[in-house]
Amino acid sequence: MAEKAFQDYYPDELSHCYGCGRLNEHGLQLKSYWDGDETVAVFHPRPYHMAIPGVVYGGLIASVIDCHGTGSASAAAYRAAGREMGTDPGFRFVTASLRVDFLRPTPLGVPLEVRGRIREVKERKVVVAVTVRAGGEECARGEVVAVRMPEHMMPGRTTA
Ligand SMILES: CCCCCCCC(=O)SCCNC(=O)CCNC(=O)[C@H](O)C(C)(C)COP(=O)(O)OP(=O)(O)OC[C@H]1O[C@@H](n2cnc3c(N)ncnc32)[C@H](O)[C@@H]1OP(=O)(O)O
């Protein structure tokens, strides 16, 4: 059986995210995995993910960094707790802060390798450093501060 991505463990009601929701047919459906101590995702930009001809749109790059960061945060929290992903209660994270540096134009037409390094794991916060490479060359890097999803953000909850 194929390895499950971090995002495949999200429950259905949290699987509609534009960046990583497996149930969002219009979304990017990013899939992230462990690779030793790092996390990795490969994303294939479509021709319409364009900034200018031949160059990937920066907002798309920010999106993949964002969702790779929050997915990695969830996986890191499970690992730090010594628990298997998918066991309850779930560790779900939202983005508190997303920083992106665009180092050089990201060429369109090649897969993007998105790698995360876990910088910090606390009970409510995980910090993930992310790089984006195209054709082996680092084109962007960023940092995601992910915070445990507050109860009131859970679908179906209306109280703030
Ligand atoms: C499970 C599927 C989900 C997929 C998600 C995909 C990614 C997304 O797009 S999520 C949507 C975008 N994000 C949001 O809508 C979140 C909106 N923001 C919020 O709800 C809140 O501000 C929230 C939850 C992030 C933080 O809540 P808040 O009560 O301020 O947290 P708080 O307890 O003060 O801080 C916790 C830690 O985070 C840090 N922190 C909070 N906000 C920030 C920030 N903007 N920048 C840096 N650090 C921050 C705090 O410094 C603190 O760190 P430490 O423990 O080291 O002191």
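Parameters at a glance
Residues numbered from 1 in each chain as written. Predicted model: local features only at pLDDT ≥ 70, side-chain atom pairs only at ≥ 80, totals over all residues. Near = placed C-beta within 6 Å. Helix = DSSP H or I, 4+ residues; strand = E, 2+ residues; numbered from the N terminus. Nonpolar A, V, L, I, M, F, W, Y, C, P; charged D, E, K, R; others polar. Contact = placed C-beta atoms within 7 Å. Buried ≥ 20, exposed ≤ 12 C-beta atoms within 10 Å, placed from the backbone. Expected span 1.5 Å × (residues − 1). UniProt positions renumbered as here; feature names shortened; annotations may be inferred. pLDDT = per-residue confidence, 0-100. Pairing = 2+ DSSP bridges. Core = buried A, V, L, I, M, F, W, Y, C linked by C-beta atoms within 7 Å.

Colleague: Provide a residue-level description of the site of the ligand, including the pertinent values.
Modeller: Taken together, 18 residues lie around the ligand, and Leu-14, Val-94, Ala-96, Ser-97 and Val-147 are the ones closest in. Secondary-structure elements contributing two or more residues to the shell around the ligand are helix 1 (58-81), strand 3 (93-102) and strand 6 (137-148). With four residues, the top contributor of residues to the shell around the ligand is strand 3. The residue makeup of the shell around the ligand, split by class, is nine nonpolar, four polar and five charged.

Colleague: Can you explain the environment of His-16? Please cite residues and give values.
Modeller: Positionally, His-16 belongs in the segment before strand 1 (33-35). When near neighbours in sequence (up to four residues on either side) are disregarded, His-16 contacts Gly-21, Leu-23 and Asn-24.

Colleague: Help me get a handle on the environment of Val-132, residues and values and all.
Modeller: Residue position: Val-132 is located in strand 5 (residues 125-134). With 26 C-beta atoms counted inside 10 Å, the residue Val-132 sits in the buried group. Sequence separation of Val-132 and His-152 is 20 residues, and the distance between their C-alpha atoms is 32 Å. With residues up to four places along the chain from it excluded, the contact list for Val-132 reads Ile-61, Val-64, Ile-65, Thr-106, Leu-112, Val-114, Cys-139, Ala-140 and Arg-141.

Colleague: Help me get a handle on the environment of Thr-95, residues and values and all.
Modeller: Mapped onto the secondary structure, Thr-95 falls in strand 3. As for Thr-95 and Thr-70, which are separated by 25 residues in sequence, their C-alpha atoms are 6.6 Å apart.

Colleague: Any details on helix 1? Residues and values, ideally.
Modeller: End to end, helix 1 covers 34 Å across 24 residues, agreeing with the expected 34 Å (1.5 Å per residue, within 8%). Counted residue by residue, helix 1 has 17 buried out of 24 residues, so it is predominantly covered. A positive backbone phi angle near 70° is found at Gly-82, which sits one or two residues after helix 1.

Colleague: With reference to specific residues and values, describe the UniProt feature "domain: Thioesterase" (unreviewed entry) in the protein chain.
Modeller: Those residues carrying the UniProt feature "domain: Thioesterase" (unreviewed entry) are residues 54-137 in this numbering. With 29% helix and 37% strand, residues 54-137 has its two end C-alpha atoms placed 16 Å apart.

Colleague: Give me the lowdown on the confidence of the model for the protein chain, citing residues and values where you can.
Modeller: Detailed conclusions should not be drawn from predicted coordinates in areas where pLDDT is low. For the protein chain, mean pLDDT is 96; residues scoring 70 or higher make up 97% of the total. Note on the complex model: pTM 0.96, ipTM 0.98.

Colleague: Which residues make up the pairing of strand 2 (residues 38-43), and what values do they have?
Modeller: Where burial is concerned, the two faces of strand 2 differ: the one with Thr-39, Ala-41 and Phe-43 is buried and the one with Glu-38, Val-40 and Val-42 is not. With three bridges joining them, strand 1 and strand 2 adopt antiparallel strand pairing. Residue pairing in the sheet places Tyr-33 in a bridge with Val-40 of strand 2. Hairpin connection from strand 1 to strand 2: two residues lie between these consecutive antiparallel strands, with Gly-36 at a positive phi of about 65°. Relative to strand 4 (residues 112-121), strand 2 runs antiparallel, the two being bridged by six bridges. Following the sheet pairing, Phe-43 is matched in strand 4 by Leu-112.

Colleague: Which residues make up the nonpolar core, and what values do they have?
Modeller: The biggest cluster of nonpolar side chains holds 34 residues, and the ones touching the most others in it are Val-64, Val-114, Val-126 and Val-132. Every element with two or more residues in this core is listed here: strand 2, helix 1, strand 4, strand 5 and strand 6. In terms of residue count, the dominant contributor to this core is helix 1 (nine residues). Sequence-distant contacts of Val-64, defined by excluding residues within four places in its chain, comprise Gly-19, Leu-28, Leu-30, Ala-41, Phe-43, Leu-112, Val-114 and Val-132.

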